[in-house]
Amino acid sequence: MTYEEALVYIHSTLRFGIQPGLSRITRLLARMGDPQTRLRFVHVAGTNGKGSTSAAIAAALRGTGLRTGLYISPFIEDFRERIQIDGRYIKPGELAEELERLLPFLDENEGEHPTEFELITALAFAYFARHACDVVVLEVGLGGRFDATNVIPTPLVSVITSISLDHTAILGDTLEQIAFEKCGIIKPGGVTVTSPGQAPEALAVIARICAERGNPLHIPQMEKAEIRRESIDGTNLLYDGTPLTIPLCGRHQIANFLTAFEALRVLPKRGLEFSLQKAAAGMANVRFPARLERLHEKPLVLLDGAHNPAGTAALADAIRRFLPDRSVTTVMGMLADKDYATGIGNIAPLSARFIAVRPESPRALDPRETARAAAVFCADTVFFDDLEDAFADALAHTGADGVLLICGSLYLAGPMRRLVRGHFNGI
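A look at the overall build of the protein
Here's step 1: Secondary structure assignment for the protein yields 15 helices and 17 strands.
Here's step 2: What you see for the protein is a C-alpha radius of gyration of 21 Å, in line with the 22 Å of a compact globule of 427 residues.
Here's step 3: Expressed along its principal axes, the backbone C-alpha trace of the protein runs to roughly 60 × 50 × 40 Å.
Here's step 4: Out of the 427 residues in the protein, the part that is buried amounts to 56%.
Here's step 5: Excluding contacts between residues fewer than 6 apart, the proportion of contacts in the protein whose partners are at least 24 apart in sequence is 74%.
Here's step 6: A total of about 16,800 Å² of accessible surface is found on the protein, and carbon and sulfur atoms cover 51% of it.
Here's step 7: If you average the places of the 44 positive and of the 50 negative side-chain charges in the protein, the two averages end up 5 Å apart.

A closer look at the packing of aromatic side chains
Ring pairs (aromatic) are described by centroid distance and by the angle formed between their planes.
Here's step 1: Per the stated rule, a full pass over the model turns up six aromatic pairs.
Here's step 2: Both rings, one in F75 and one in F79, keep their centres 5.8 Å apart while their planes meet at 70°; by these two values the pair is edge-to-face.
Here's step 3: The class of F75 is partly exposed, set by a relative accessible area of 27%.
Here's step 4: On the basis of relative accessible area, F79 is assigned to the buried category, the value being 4%.
Here's step 5: Each ring, one from Y127 and one from F128, has its centre 6.0 Å from the other, and the planes form 50°; the classification is tilted.

What about the pattern of salt bridges?
Here's step 1: Following the criterion strictly, the structure yields 26 salt bridges and no others.
Here's step 2: Close ionic contact of E98 with R101 constitutes a salt bridge, the shortest N to O distance being 3.3 Å. Of this pair, E98 and R101 both sit in helix α4 (residues 92-107), three residues apart, roughly one helical turn.
Here's step 3: Its relative accessible area of 38% is what places R101 among the partly exposed residues.
Here's step 4: As a salt-bridge pair, D240 and R265 come within 3.1 Å of each other at their nearest N and O atoms. Separated by 25 residues along the polypeptide, D240 in the loop between β10 (234-239) and β11 (242-246) and R265 in helix α9 (residues 251-266) bring together distant segments of the chain.
Here's step 5: Shared partners join several salt bridges into a network, and the residues in it are E77, E293, R417 and R421.

Describing α9
Here's step 1: Its 16 residues place the ends of α9 23 Å apart at the C-alpha level, agreeing with the 22 Å of an ideal helix rising 1.5 Å per residue.
Here's step 2: Counted residue by residue, α9 has 13 buried out of 16 residues, so it is predominantly covered.

Some thoughts on unusual backbone geometry
Here's step 1: Note the cis peptide between S73 and P74, where omega equals -10°.
Here's step 2: As for its placement among the helices and strands, P74 is situated in the loop between β2 (68-71) and β3 (83-85).
Here's step 3: Of note, the bond from K298 into P299 is cis; its omega dihedral lies within 30 degrees of zero at 0°.
Here's step 4: For P299, the location among the structural elements is in the loop between β12 (293-296) and β13 (300-304).
Here's step 5: Its identity is not glycine, yet D34 carries a phi of approximately 50°, on the positive side.
Here's step 6: With respect to the helices and strands, D34 occurs in the loop between α2 (23-31) and β1 (41-45).

What about the sheet that holds β10?
Here's step 1: Strand order in this open sheet of three strands is β9-β10-β11, and the pairing throughout is antiparallel. If you trace the sheet from one side to the other, it starts and ends with β9 (225-231) and β11, each paired once. Taken pair by pair, the neighbouring strands of this sheet meet at an average axis angle of 15°, ignoring direction.
Here's step 2: In terms of strand pairing, β9 meets β10 through six bridges, oriented antiparallel. Its bridge partner being in β10, S231 is matched across the sheet by G234.
Here's step 3: Most of the contacts of α9 go to β10, to which it runs at about 45°, and overall it touches β9, β10 and β11.

Some points on the side chain of T149
Here's step 1: Turning to its location among the elements, T149 is positioned in the loop between β5 (135-139) and β6 (157-160).
Here's step 2: Residues contacting T149, with those up to four places away along its chain left out, are H43, Y71, F117, T121, F125, L138, E139 and V140.

Some details on the packing of helix α14 (residues 387-396) against helix α15 (residues 410-425)
Here's step 1: The interhelical angle for the contact between α14 and α15, taken along N-to-C directions, is 55°, at an axis separation of 11 Å. Here α15 runs oblique to α14, going by the angle between their axes. Regarding α14 and α15, the two cross each other, and that crossing is right-handed. When α14 is examined against α15, the residues L387, E388, F391 and L395 are found in contact with a partner set consisting of L412, P415, M416, L419, V420, H423 and F424.
Here's step 2: The residue makeup of the contact of α14 with α15, split by class, is nine nonpolar, one polar and one charged.

A look at a negative patch on the surface
Here's step 1: Taken together, the side chains of E4, E5, E97 and E100 present a region of like negative charge at the surface.
Here's step 2: Secondary structure elements with two or more residues in the negative patch: α1 (3-12) and α4.
Here's step 3: Structurally, the position occupied by E4 is in helix α1.

Quick look at the pairing of β2
In regular strands, side chains alternate between the two faces of the sheet.
Here's step 1: Judged by which residues are buried, β2 turns out to be covered on both faces: T68 and L70 on one side and G69 and Y71 on the other are all buried.
Here's step 2: Of the strand pairs in this sheet, β2 and β5 are connected by four bridges, and their pairing is parallel. Paired with T68 across the two strands is V135, which belongs to β5.
Here's step 3: Relative to β3, β2 is paired through three bridges, and the arrangement is antiparallel. Each bridged residue has a counterpart across the sheet, and for G69 the counterpart in β3 is I85.

What counts, and at which threshold
- Residues numbered from 1 in each chain as written.
- Predicted model: local features only at pLDDT ≥ 70, side-chain atom pairs only at ≥ 80, totals over all residues.
- Heavy atoms only, no water.
- Helix = DSSP H or I, 4+ residues; strand = E, 2+ residues; numbered from the N terminus.
- Rg over C-alpha atoms; globule rule 2.2 N^0.38 Å.
- Buried < 20%, exposed > 50% of the residue type's maximum accessible area, 1.4 Å probe, protein only.
- Contact = heavy atoms within 4.5 Å.
- Areas by Shrake-Rupley, 256 points an atom, 1.4 Å probe, with all protein chains shown as cover.
- Lys, Arg positive; Asp, Glu negative; His and termini not counted.
- Charge placed at Lys NZ, Arg CZ, Asp CG, Glu CD.
- Phe/Tyr/Trp six-rings, centres within 6.5 Å; stacked < 30°, edge-to-face > 60°.
- Salt bridge = Lys/Arg side-chain N within 4 Å of Asp/Glu carboxyl O.
- Expected span 1.5 Å × (residues − 1).
- Pairing = 2+ DSSP bridges.
- Axes fitted to C-alpha atoms, helices over the stretch in contact; angles between N-to-C directions.
- Parallel < 35°, antiparallel > 145°, perpendicular 65-115°, else oblique.
- Left-handed = near helix turned anticlockwise from the far one by under 90°.
- Nonpolar A, V, L, I, M, F, W, Y, C, P; charged D, E, K, R; others polar.
- Patch = residues over 30% accessible without salt bridge, like charges linked within 9 Å, V, L, I, M, F, W, Y side chains within 5 Å.

See the structure below:
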């Protein structure tokens with residue numbers, strides 16, 4: 001089997017849809033010898049910030065010399081982003097080999113084929129176990145309680161990042177309901193870390209479930225963070241006496257990295273020995289696409305995957321804070337099943353010109369609807385069905401000292417990242 005054939009097979013399982021529940025993957029992993037039981041995990045759930053927090057923890061741990069697996073979703077450009085060891089993507093041949101080893105177990109799966117996410121999760125567990133990872137940073141796909149990643153035993157630490165309204169059709173339409181689903185990763189006898197600044201309704205649920213399951217709850221203290229320098233390139237700060245370099249921009253990233261640091265402080269007490277000083281230094285090496293990522297300098301081209309109200313609010317705060325006097329041309333595309341009106345309402349008022357586009361997803365919002373929502377806040381609003389035409393228009397309206405902001409759905413981020421890098425760098 002080639003890598004390309006493996007991807008075709010994996011993506012073909014999208015036809016099984018999203019089916020919350022652990023029965024299918026539990027049976028599949030049992031037939032595979034339960035590779036997840038041979039691993040130690042940091043399990044990360046939340047609405048916003050779980051990708052950045054996971055990346056920060058993984059960078060810190062590999063900076064200490066520990067062999068560190070990282071499992072994230074979705075990917076931006078390369079499917080292999082989802083499965084990494086020590087910052088290196090799984091090789092194409094390795095992914096194909098892992099899938100070939102897994103296929104015989106699928107044939108025995110009692111007529112219930114796993115979903116795409118379940119298949120990838122099982123493959124990742126086998127890969128991490130085969131390479132004897134010391135620790136795996138495991139990001140939840142959706143929710144927590146019935147997410148395929150939740151088949152693992154009690155993790156070294158459970159991490160709950162910022163909780164807000166998203167995926168309400170599946171997880172519930174209140175913060176309490178969503179928090180309850182996310183807290184499904186909190187297991188008896190574990191330890192939990194949660195982000196600072198949680199909404200009171202969400203924090204109450206987290207604290208209650210931690211108490212019920214015997215988990216000490218650790219929350220970073222923002223008042224102990226002394227900011228030394230901050231810019232569009234990131235933040236240098238002192239936290240409880242420890243210098244931290246946060247290479248991702250925005251006050252929301254301070255919360256994410258402090259959450260990661262609190263998780264790191266817990267781990268030695270859970271039997272994972274390493275130098276906390278080296279771990280803190282390792283956090284400076286985080287590179288994560290589509291998190292206010294700088295793609296070009298003149299004009300300044302920024303790419304961000306903010307796609308829900310909390311994410312777009314954090315993005316808007318960063319633009320106001322660090323680029324207050326720059327003219328902003330925005331290219332934005334959203335999914336129809338998100339609260340797109342609020343997201344657009346957070347970004348469009350900052351835009352001198354707003355260009356609506358269609359993400360590469362069957363769930364994409366029609367750019368005409370995006371433009372209608374944006375026109376309430378930005379008089380100079382247009383739409384394009386073709387991404388190349390949209391990018392050409394954006395460049396034409398962005399001066400050398402201006403800002404070209406590309407944001408919205410992660411299904412837009414990958415194609416636009418390729419387009420921008422190809423234009424400026426010949427990639």
